[in-house]
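Fold and geometry: a report
So the chains spell out like this:
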Amino acid sequence: MRSRDPILNHDRREAIIQAAGRCFVRDGFSATSMKSICAEVGMSPGTLYHYFASKSDIVAGIIRREEAVVADLFGELDKSGDVITGLFMVIDLIAQGVTDEELVLHAEIAAEILRNPSLREQARRAEAAASQKLAVRLEQAQAAGAVDAGLDSEAAAAVINALIDGLIWRASLHDRAAIVSLLPNLKQAIARMLIDPEAADRCA
């Protein structure tokens, strides 16, 4: 009888996702087989297929895990006294926490998402949800007078997400230092978009 222990099930799913990620980074998504993932995680095919039906299903699991990471980052943002300081703190956490392996995995997963309509739609929904959450926080800051009242909050949220995604992609092409070196400029660009240029210069 299969275990119905939710903690055990979560741990096994996470172990499979991590093992698959190592395989994708080492061998590439296309060259990785479910058999090689089984070997990496030390699990029989029958057990693995109980949790994930395919590599694409594993990628879907990675997208869901990233949604949980984003939720945690919003939690950190909300701890701050204002949205701009919170955004800068989140950007620093991303820059400090990302590893070279995660950058390679990000590129591999992004390529597969573009090839798979179902995964692409799932990723779009996740991105839209994150942008909406940020837009809500920008609107709250507008009501408090901390952000330009004439700003289009939804467009600004989408641009901020695009800037962060672009920074990660640049790091994928170069290295983690590419993120760190551009952080001051990125923060200044965000501040200038959200508030007046003089205040932005004081934040940089």
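Notes on the structure in this doc start here. (Residues numbered from 1 in each chain as written. Predicted model: local features only at pLDDT ≥ 70, side-chain atom pairs only at ≥ 80, totals over all residues. Heavy atoms only, no water.)

**Observations concerning the overall build of the chain**
Per the secondary structure count, the chain includes ten helices and zero strands. The linear arrangement of helices and strands in the chain, starting from the amino end, is α-α-α-α-α-α-α-α-α-α. Dimensions of the chain, computed from C-alpha atoms along their principal axes, come out at roughly 60 × 35 × 30 Å. Here the chain holds 204 residues, and the buried ones make up 38% of them. The contacts in the chain between residues at least 6 apart in sequence include a share of 61% that link residues at least 24 apart. Accessible surface, the chain as shown: approximately 11,200 Å² in total, 55% of it carbon and sulfur. Charged side chains in the chain number 22 positive and 29 negative. The centres of these two groups are separated by 8 Å. (Helix = DSSP H or I, 4+ residues; strand = E, 2+ residues; numbered from the N terminus. Buried < 20%, exposed > 50% of the residue type's maximum accessible area, 1.4 Å probe, protein only. Contact = heavy atoms within 4.5 Å. Areas by Shrake-Rupley, 256 points an atom, 1.4 Å probe, with all protein chains shown as cover. Lys, Arg positive; Asp, Glu negative; His and termini not counted. Charge placed at Lys NZ, Arg CZ, Asp CG, Glu CD.)

**Some remarks on a negative patch on the surface**
A cluster of acidic residues, Glu66, Asp100, Glu101, Glu102 and Asp175, forms a negative patch on the protein surface. Looking at the negative patch, the element that brings in the most residues is helix α6 (residues 100–115), giving three residues. Position of Glu102 relative to the elements: it lies in helix α6. For Glu102, a relative accessible area of 42% gives the class partly exposed. (Patch = residues over 30% accessible without salt bridge, like charges linked within 9 Å, V, L, I, M, F, W, Y side chains within 5 Å. Salt bridge = Lys/Arg side-chain N within 4 Å of Asp/Glu carboxyl O.)

**A closer look at the pattern of salt bridges**
Throughout the structure, instances matching the rule amount to nine salt bridges. For the salt bridge of Glu14 with Arg65, the shortest nitrogen-to-oxygen distance reads 2.7 Å. Within this pair, whereas Glu14 is found in helix α1 (residues 6–27), its partner Arg65 is found in helix α4 (residues 55–79), the two being separated by 51 residues in sequence. Residue classification places Arg65 among the partly exposed residues on the basis of a relative accessible area of 24%.

**Some details on the state of the cysteines**
Per the stated rule, a full pass over the model turns up zero disulfides. Left unpaired, Cys23 is separated from the closest cysteine sulfur, that of Cys38, by 9.6 Å. With relative accessibility at 0%, the residue Cys23 sits in the buried group. (Disulfide = S-S within 2.5 Å.)

**Let's talk about the packing of α1 against α4**
Packed helices, taken two at a time, are described by the angle their axes make and the gap between the axes. Where α1 meets α4, the axes come as close as 10 Å, and the angle between the chain directions of the two elements is 110°. The angle between α1 and α4 falls in the class roughly perpendicular. On α4, the residues touching Arg13, Glu14, Ile16, Ile17, Gln18, Ala20 and Phe24 of α1 are Lys55, Ile58, Val59, Gly61, Ile62, Arg64 and Arg65. (Axes fitted to C-alpha atoms, helices over the stretch in contact; angles between N-to-C directions. Parallel < 35°, antiparallel > 145°, perpendicular 65-115°, else oblique.)

**Things to note about the side chain of Arg137**
Structurally, Arg137 is set in helix α7 (residues 117–143). Judged by relative accessible area, which is 18%, Arg137 ranks as buried. In this view, Arg137 contacts Phe74, Leu77, Asp78 and Val83; residues no more than four positions away in its chain are not counted.

**What about the environment of Trp169?**
Tracing the chain through its elements places Trp169 in helix α8 (residues 153–173). The class for Trp169 is partly exposed, based on a relative accessible area of 44%.

**Description of α6**
Along its 16 residues, α6 runs 24 Å from first to last C-alpha, staying within 8% of the 22 Å computed at 1.5 Å per residue. Leu103, Leu105, Ile109, Glu112 and Ile113 are the residues of α6 that are buried. Looking at the buried side of α6, the elements it contacts are α1, α4, α7 and α8. (Expected span 1.5 Å × (residues − 1).)

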